[in-house]
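Letter by letter, the chains look like this.
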Amino acid sequence: MTLKIGVIGAGAIGEDHTRRCMQVVSGAEIVAITDVNLARAREVADKYAPDAKVPESGEALIALPEVEAIIVTSWGGTHAQYVLEALKHGKYVFCEKPLATEAEDCRKIVETEAALGRRLVQVGFMRPYDSGYRALKKLIDAGEIGEVLMVHAAHRNARVGENYTIQMSVTDTLVHELDVFRWMLADDYVSAQVVFPRRTSKALPHMRDPQIIMLETRKGIRIDVEVFVNCQYGYDIKCAVVGELGEAILPLPAAVEVRKSAKQSCEIMTDWKDRFIAAYDVELQDFVDGVKAGKLNGATSWDGYCASVAADVCVKAQESGRIEPITMMDRPAFYDR
Ligand code: NAP
């Protein structure tokens, strides 16, 4: 059986997910694409899914009887309305992160899905599908390094565009760490603090860069994440987990080592799309298989809510410089791990 999917938002990742569903993932077909810019939606359809319809709105796409599942890749501020609309129609929805830009909207989605009593939403946090993070989690869960005490992590981009803001360093950048560490450690955050080291001269005038975000979890694990978005040299993701018995380090992406002229070197990626390309493929295949089996496995609405609450607190901590508490609503039993 081929799962018939509609895509809302034909921008960068909407186009990439359309290509992925048509060319990489098995058992899926894009039957409709829309965007506020309908010409753009038609352009993406013509490129990868020429038979796809281009309905005039996201709501019209969701209502199409042939659309069995929806992928939401529009601008973040519009995600909640489309996810809630999909839930109204009882349809499965893969929503790119963030689930919603407001924690209150995430809460509404969580409550609506829990009331339906059926899991229909998967949030597009792809790092738990990355083979390196999976290997790290497997080792931690097997007790190989004993109880986890600390995590040291870094998220570095070579550079960012002029419209990038200090808040985006949390909501667009750090948010991936916020999600993956909850998953990897099976834990929740209780507080956040942000400190700013010496500012790089390469930062845009309105930016403070780099920064270090310090998180504490319920189990008392301390996590420090360096976010450095003008590091110049490449896209670099690091994670070292320190336990009672040893340290486990996220593997680097495979790269050929060159030894030449009394030097040893290897390339470092510069584009985030390349770093996690395999994870996106596995993630969407899992969504398609999950819909068919009636059981989704990826990040839940609850995970989307938790990431959003933690992100809001990190933004507050950027401004206050204080240790800010992170408090969540009670988790509905529906989302028990
Ligand atoms: P993008 O290139 O700006 O694409 C977004 C598209 O949605 C644009 O074509 C935009 O049109 C359209 N749009 C805006 N409002 C809409 C609406 N109400 N209904 C339908 N379409 C609408 O952005 P992107 O980089 O693809 O990102 C899209 C989402 O995916 C964001 O939430 C982003 O955070 C997420 N994302 C996730 C990852 C990941 O690693 N998981 C990676 C990249 C992006 P206009 O340009 O005309 O406004």
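Reading guide: rules and limits
Residues numbered from 1 in each chain as written. Predicted model: local features only at pLDDT ≥ 70, side-chain atom pairs only at ≥ 80, totals over all residues. Heavy atoms only, no water. UniProt positions renumbered as here; feature names shortened; annotations may be inferred. Pairing = 2+ DSSP bridges. Helix = DSSP H or I, 4+ residues; strand = E, 2+ residues; numbered from the N terminus. Contact = heavy atoms within 4.5 Å. Axes fitted to C-alpha atoms, helices over the stretch in contact; angles between N-to-C directions. Near = heavy atom within 4 Å. Polar contact = N/O pair within 3.5 Å; in protein donor to acceptor, adjacent residues only side chain to side chain. Areas by Shrake-Rupley, 256 points an atom, 1.4 Å probe, with all protein chains shown as cover.

The name that an unreviewed UniProt entry assigns to the protein is Inositol 2-dehydrogenase, with the source organism given as Swaminathania salitolerans. Heading Function (unreviewed entry) of the UniProt record for the protein holds this comment: "Involved in the oxidation of myo-inositol (MI) to 2-keto-myo-inositol (2KMI or 2-inosose)." Database annotation for the protein, UniProt heading Subunit (unreviewed entry): "Homotetramer."

### Observations regarding the sheet that holds strand E7 (residues 189-195)
If you walk across this open sheet you meet the seven strands as E11-E10-E6-E9-E8-E7-E14, and the pairing is mixed. With one partner strand each, in any of the chains shown, strand E11 (247-249) and strand E14 (324-325) form the two edges of the open sheet. In the sheet, strand E10 (residues 236-243) pairs with E11 via three bridges, with the strands oriented antiparallel. Residue valine 242 lies in a different strand from E11, and its bridge partner there is glutamate 247. Packed onto the sheet, helix H7 (residues 168-185) meets strand E6 (148-156), E7, strand E8 (211-217), strand E9 (222-228) and E10 and runs at close to 150° relative to E9. Across the face of the sheet, helix H10 (residues 301-320) comes into contact with E7, E8 and E14 while running at roughly 35° to E7.

### Digging into the site of the ligand
Every one of the 22 residues lining the ligand counts as a neighbour, but Ile13, Asp35, Tyr82, Glu96 and Tyr280 are closest to it. At a separation of 3.4 Å, an oxygen atom of the ligand approaches a polar side-chain atom of histidine 79. A distance of 2.8 Å separates a nitrogen atom of the ligand from a polar side-chain atom of tyrosine 82. In the complex, the protein chains occlude 72% of the 910 Å² of accessible area that the ligand would expose alone. When residues of the shell around the ligand are traced back to their parent elements, those giving at least two are helix H1 (12-23) and helix H4 (79-88).

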